[in-house]
Amino acid sequence: MRAVDFSWSATQITEEWARKRLDEGVELFIGNLWTGSQGILGTDQALRHCRNAGGVVAGYFNVHPTRSTEECLAKAKEFAGDMWDELNFVAIDVEIAGVQPEKITKAIELL
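Quick caveat: nothing in here was measured; it's all calculated off a predicted structure.

Rules of the game
Residues numbered from 1 in each chain as written. Predicted model: local features only at pLDDT ≥ 70, side-chain atom pairs only at ≥ 80, totals over all residues. Heavy atoms only, no water. Buried < 20%, exposed > 50% of the residue type's maximum accessible area, 1.4 Å probe, protein only. Helix = DSSP H or I, 4+ residues; strand = E, 2+ residues; numbered from the N terminus. Lys, Arg positive; Asp, Glu negative; His and termini not counted. Salt bridge = Lys/Arg side-chain N within 4 Å of Asp/Glu carboxyl O. Contact = heavy atoms within 4.5 Å. Pairing = 2+ DSSP bridges. Right-handed = clockwise from strand over helix to strand, strands pointing away. Axes fitted to C-alpha atoms, helices over the stretch in contact; angles between N-to-C directions. Parallel < 35°, antiparallel > 145°, perpendicular 65-115°, else oblique. Left-handed = near helix turned anticlockwise from the far one by under 90°. Nonpolar A, V, L, I, M, F, W, Y, C, P; charged D, E, K, R; others polar.

Trainee: Explain helix 2 (residues 43-52) to me, and be specific about the residues and the numbers.
Mentor: Turning to helix 2, its buried residues are T43, A46, L47, R48, H49 and C50. At the exit of helix 2 stands G54, carrying a positive phi of roughly 110°.

Structure (structure tokens):
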């Protein structure tokens, strides 16, 4: 399966753009729901455009060493908006230095 992570380009995603990617063989569109310190405006709308074009949609979020896992998940849901229940999967992105293993386990449990 071919996939595109549109993260920081969320505000530029349109249904037409998504249809072109589908024509090129992309099936899955993935948005960054929470970086660990901020959300990306337009992620919910970009996911909606991709889904409306016929794509499969998913998201991911980061856990953070100094923020609670509950807060990180809540922020991910906030930036996914009404698309949260439409996501085919949500992944936990572990890339911030110092994230404790128990926070990763907690995020998995909360999903």
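Trainee: Please provide a residue-by-residue account of the side chain of D93, values included.
Mentor: Topologically, D93 is positioned in strand 4 (residues 90-93). Despite its burial, D93 remains without a salt bridge, the nearest opposite charge being carried by R67 at 14 Å. The contacts of D93, once residues within four sequence positions are left out, are Y60, F61, N62 and V63.

Trainee: Got a sec to walk through the pairing of strand 3 (residues 56-62)? Specific residues and values, please.
Mentor: The element strand 3 is extensively covered by neighbouring structure, given that 6 of its 7 residues are classed as buried. Pairing analysis gives 6 bridges linking strand 2 (residues 26-34) to strand 3, with the strands arranged parallel. What sits directly across from L28, in strand 3, is V56. What joins strand 2 to strand 3 is helix 2, and the crossover it makes is right-handed. With 4 bridges joining them, strand 3 and strand 4 adopt parallel strand pairing. In the strand pairing of strand 4, F61 is matched with I92. Between the parallel pair strand 3 and strand 4, the chain is carried across by helix 3 (residues 69-80), and the sense of this crossover is right-handed.

Trainee: Describe the packing of helix 3 against helix 4 (residues 101-110), with residues and values.
Mentor: The interhelical angle for the contact between helix 3 and helix 4, taken along N-to-C directions, is 45°, at an axis separation of 9 Å. Taken together, helix 3 and helix 4 sit at an angle that is classed as oblique. The interaxial crossing formed by helix 3 with helix 4 has right-handed handedness. Contacts between helix 3 and helix 4 involve T69, E70 and L73 from the former and K103, K106, A107 and L110 from the latter. Of the residues belonging to the contact of helix 3 with helix 4, the class tally is 3 nonpolar, 1 polar and 3 charged.

Trainee: Please provide a residue-by-residue account of the environment of Q12, values included.
Mentor: In this structure, Q12 sits in the loop between strand 1 (2-5) and helix 1 (15-23). Taking the C-alpha atoms as reference points, Q12 and Q45, 33 residues apart in sequence, are found 9.9 Å from one another.

Trainee: Describe the sheet that holds strand 4, and please don't skip the residues or the numbers.
Mentor: A sheet is described by the order of its strands in space; here 4 strands give the open sequence 1-2-3-4, paired in parallel fashion. The outermost strands of the open sheet, each flanked by one partner alone, are strand 1 and strand 4. Between one strand and the next, the sheet's axes are offset by a mean angle of 30°, whatever the strand orientation. For strand 1 and strand 2, the ladder comprises 4 bridges, and the chain directions are parallel. If you follow V4 over to strand 2, its bridge partner there is F29. Each of strand 2 and strand 3 is contacted by helix 3, which is oriented at about 125° to strand 2, the strand it contacts most.

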